[in-house]
Amino acid sequence: MKSLRFLLPLLLFIVLLMFLWVGLSLNPREVPSPLVGKPAPPFQLARLDDPAKTLAEKDLRGQVWLLNVWASWCVSCMEEHPVLVQLSKQGVVPVYGLNYKDQRAAAQAWLDRNGDPYTLSMADPDGKVGIEYGVYGVPETYVIDKTGVIRYKQIGPVTQKVLSERILPLVRQLQAS
Amino acid sequence: MIPELGHFALIVALCIACVQALVPLLGAQRGDSNWMALARPAAQGQFVFVAMAFTCLAWSFVSNDFSVLNVASNSNSMLPLRYRFAATWGSHEGSLLLWVLMLNLWMTAVSVFSRRLPGEMVARILAVMAMISIGFLLFLLFTSNPFERLLPPAADGRDLNPLLQDPGMVIHPPMLYMGYVGFSVAFAFAIAALIGGRLDATWARWSRPWTTMAWAFLTVGIALGSGWAYYVLGWGGWWFWDPVENASFMPWLVGTALIHSLAVTEKRGGFKLWTVLLAISTFSLSLLGTFLVRSGVLTSVHAFATDPRRGIFILAFLALVIGASLLLFAWRAPKVGLGGLFALVSREVALLVNNVLLVAAAALVLLGTLFPLFHEVLGYGKLSVGLPWFEITFPVVMVPAVLLMGIGPLLRWKEGKLGASALRLKWAGGLAIVGAVVVPVMMGGWSILVAMGILLAVWVAAAGFANLAGRIAQLRTSTGASASAALRHLPRGYWGMLVAHLGVAVFIVGVTLVRGYEVEKDVRMNPGDTVTAGGYQFRLEGLKPVQGPNYDATRAVVSVTRNQRSVTTLYPEKRFFTVQQMPMTEAAIDSGLTRDLYVSLGEPLADGAWIVRVYYKPFVDWIWGGAFLMALGGIIAVTDRRYRAARRYERSLVADATIPVAQGTG
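Please read these numbers as outputs of a predicted model, since none were measured by experiment.

## A short note on the overall build of chain A
Helices and strands together make up the secondary structure of chain A, namely five helices and seven strands. In chain A, the order of α-helices and β-strands from amino to carboxyl end is α-β-β-β-α-β-α-β-α-β-β-α. Considered along the principal axes of its C-alpha atoms, chain A spans approximately 70 × 35 × 30 Å. Counting only residues that meet the buried cut, chain A has 40% of its 177 residues in that class. Contacts in chain A between residues far apart in sequence, at least 24 positions, make up 74% of those at least 6 positions apart.

In structure tokens:
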């Protein structure tokens, strides 16, 4: 029985293998969110560019808008960033940034460096609003309609494909209604 | 025609690999020397065909053959020649072909430099390596054919990812892969020894130089990658704990444990099972790294085109190779005896503890890398662990390991009393404490982080010199030689150890001082504006448009002065690659022994002003200098005389397969 301990590495490896197997079959981008179809949780946060001013969720009522959760420490945000910058140049839909668990100076520097696609960014340094919105990880993007209801949630980077196939058609539909 | 030739060469190589995996292995079991003798020519033949396939692909890239899908997707007629050549391994398919080419290079090297090994050992090693080769060749041919045609051909290519258009990218992947794949030799040695039941000091002596060599390559590869990130990504950072970086760092950590564990097995016959397990783990982590990067299970800045079919293939291959080796381990391990006994205070124990710490560090990195995956699989959704996890947990494990690094080499094998060595260590310790107090103050501000870093660095370096002084004194009293004669008498293996450990000290200095005293300024500048960082004045003299071969750029002229004296002029660029429609930041760096001055262009603003990043990075080059010293130490150790002398010695002994153990060196 003593020799069973030599099987330990193999057993550990099999556990790891099972995780990798399941991981492979998951679509890393899609997770159903309980918040879709519900009103966006209210917030009132300091603006990133000017902490003296605040922005509240109810200020944005009456228009379709995107809420993008980002951080300067987030590697995947670099991936979606060009897509957002492109989107902001088109001016189809305003993008508001939720700067999640970040430091103001680092976040501001990141925007200066990479371009700022946001109509405005709000600072959520301790991630409280993020918790309200059920943020799993950064980046995440929410589509919120005129009445303040969350209509779609994208977990992980917004790719050109997701933008043109899912988000923009939805935005147009919501804007028309 | 050329691409078809390459494709055909790959198929031939696969056929040879199948023969090489089977016949010599069976021959070794049956004791048939003719069957075993097939291993060497088969390995060399396989290399010829793989090299041919690689040359064909490189030719397609260099000659702009856009009827090849791979070339059309990753190259462009405007791309300079050197990058067209490097684009050969810029794609998923090409980089896998490079992987196989490297594997074949190592295999051929083993077939040439193994004259002193017993026939059945060589047969088994080359058979195991051929099995790995089969896996990757099948992967190439069935899921990632680099020679796939594009009909009708494209008029021009989509160009190489601008991030990869850099001299660093030309040499970084080959170096990294040499390291990754080089561990397959240690792996094959371990498997061959397990099959043959010959797990002894001789086996350790044979696989030691190969392992050290692979480790040195991997060290250089990682350092080059980090350097590339530093000046190409334009963030001024040198390590991001990105999944792809971690994928190369894990085999490095376990490989470091392996080369130390091999020392114990060679010198004392101990830790055999531990060494075998480390050899298997190191290569397994290399394979796992390949899986993580290629399958798209984790997202990363390095993300290549991902395809779930490929992921399933690599996962199956991973399961087969690693599963089979661990099963073999579980089956054979109970029969392996224990090594020599040792006391609590001995070099064995120091190395064992260091090994455990290194493996724990690798486990932390693995956990941090895979945690998002675990989290998701268990149904808690996606999450990114990010920097904080690594920055908090990693030092907890590495600080004791580095402290132990100073003591370990001073202890004796088997039994150790600190005695005389402890006295010398007192000096090293005192020096370290003085350094920890003085250096941060000299640099302009004391902090616990910097003090700790300097303490560790001075400790390792001073303990190294104390060790050297002790060895010289010992040699002088025992042989009566002069100091310089004693210096020459010391074996290269010992020098290698000293140099590599000094590299660790240099590396720590770099990491600590950059972390503690770097100045990063992101400022808005108009031509004529001046900004000060780290005592240097940076003046933006002007901007002008520049035309590159496949990009348009804006080049800034930044003059740097210090105390009214001119230091240098820097030319950072913002490039826009026309085919890929992608902007790139080309940082301008003035490197120096004690500091880098780093300027890069951010975004243009409306009124002709620019966001300019001006960084002052003290001692940053010590990070890579330290890594290169570590690799240099490895290379010095590989050239140790005992590997050459032992070759002659063993040839006479191989016939009756006893265990020669040379005592007394490093």
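## What about the confidence of the model for chain B?
Residue and element names in this part refer to chain B. When pLDDT is averaged across chain B, the result is 86; 91% of the residues are at 70 or more. With pLDDT under 50 throughout, residues 300-305 is counted as low confidence; its partners more than four residues away or in other chains account for 15 contacts. In the predicted structure, residues 649-666 sits below a pLDDT of 50 and forms 24 contacts with residues beyond four places in sequence or in another chain. Here the prediction assigns the complex a pTM of 0.81, and the interface score ipTM is 0.80.

## Some remarks on the sheet that holds strand 6 (residues 140-144) of chain A
Residue and element names in this part refer to chain A. The mixed open sheet is built from five strands, whose spatial order is 5-4-3-6-7. The outermost strands of the open sheet, each flanked by one partner alone, are strand 5 (120-124) and strand 7 (150-155). Across the sheet, the mean angle separating the axes of adjacent strands is 20 degrees when strand polarity is ignored. The pairing of strand 3 (residues 65-70) with strand 4 (residues 95-100) spans five bridges and is classified as parallel. Pairing of Val-69 across the sheet is with Leu-98, part of strand 4. The strands that helix 5 (residues 160-176) touches are strand 6 and strand 7; relative to strand 7, the one it contacts most, it runs at about 165 degrees.

## Overview of the domain arrangement of chain B
Residues and elements named next belong to chain B. For chain B, the domain assignment lists domain 1 (1-161), domain 2 (166-400), domain 3 (418-500 + 625-654) and domain 4 (519-619). For domain 1 versus domain 2, the separation of C-alpha centres amounts to 24 Å. On the side of domain 2, 26 residues touch domain 1, which itself brings 23 residues to the contact. Listed by contribution, the elements that provide at least two residues to the side of domain 1 that touches domain 2 are helix 5 (81-86), helix 6 (92-112) and helix 7 (119-143). Tallying contributions element by element places helix 7 first for the side of domain 1 that touches domain 2, with ten residues.

## Examining the pairing of strand 3 of chain A
All names here are of chain A. Counting buried positions along strand 3 gives six out of six residues, so the element sits mostly inside the fold. Here five bridges tie strand 3 to strand 6, and the two strands are oriented antiparallel to one another. Paired with Trp-65 across the two strands is Ile-144, which belongs to strand 6. Read as a crossover between parallel neighbours, the route from strand 3 over helix 2 (residues 75-90) to strand 4 is right-handed.

## Some thoughts on helix 16 (residues 448-479) of chain B
With 32 residues, helix 16 of chain B should cover 46 Å at 1.5 Å per step; its first-to-last C-alpha distance of 46 Å lies within 8% of that length. Gly-480 of chain B sits one or two residues past helix 16 of chain B and shows a positive phi near 75 degrees.

## Brief notes about the pairing of strand 5 (residues 565-570) of chain B
Bridge count for strand 4 (residues 551-562) of chain B against strand 5 of chain B is five bridges, and the pairing is antiparallel. Each residue of the ladder has a partner; that of Val-560 of chain B, found in strand 5 of chain B, is Thr-568 of chain B.

## Describing the environment of Met-497 of chain B
Residues and elements named next belong to chain B. Among the structural elements, Met-497 can be located in helix 18 (residues 492-517). For Met-497, a count of 22 C-beta atoms within 10 Å gives the class buried. The spatial distance from the C-alpha of Met-497 to the C-alpha of Gly-464 is 9.1 Å, given a sequence separation of 33 residues.

## Considerations on the nonpolar core
With 252 residues, the main nonpolar core has Leu-126 and Ala-186 of chain B as its most contacted residues. Setting aside anything within four residues of it in sequence, one finds Leu-126 of chain B in contact with Gln-20, Pro-24, Ala-39, Ala-43, Met-107, Val-110 and Ser-111 of chain B.

## Observations concerning helix 19 (residues 621-638) of chain B
For helix 19 of chain B, which comprises 18 residues, the first-to-last C-alpha distance of 26 Å matches the rise-based estimate of 26 Å (1.5 Å per residue) to within 8%. Of all the 18 residues making up helix 19 of chain B, 13 are buried; the element is thus mostly covered by neighbouring parts of the structure.

The rules behind the values
Residues numbered from 1 in each chain as written. Chains lettered and ligands numbered in written order. Predicted model: local features only at pLDDT ≥ 70, side-chain atom pairs only at ≥ 80, totals over all residues. Helix = DSSP H or I, 4+ residues; strand = E, 2+ residues; numbered from the N terminus. Buried ≥ 20, exposed ≤ 12 C-beta atoms within 10 Å, placed from the backbone. Contact = placed C-beta atoms within 7 Å. pLDDT = per-residue confidence, 0-100. Pairing = 2+ DSSP bridges. Axes fitted to C-alpha atoms, helices over the stretch in contact; angles between N-to-C directions. Domains from an automatic or database assignment. Right-handed = clockwise from strand over helix to strand, strands pointing away. Expected span 1.5 Å × (residues − 1). Core = buried A, V, L, I, M, F, W, Y, C linked by C-beta atoms within 7 Å.

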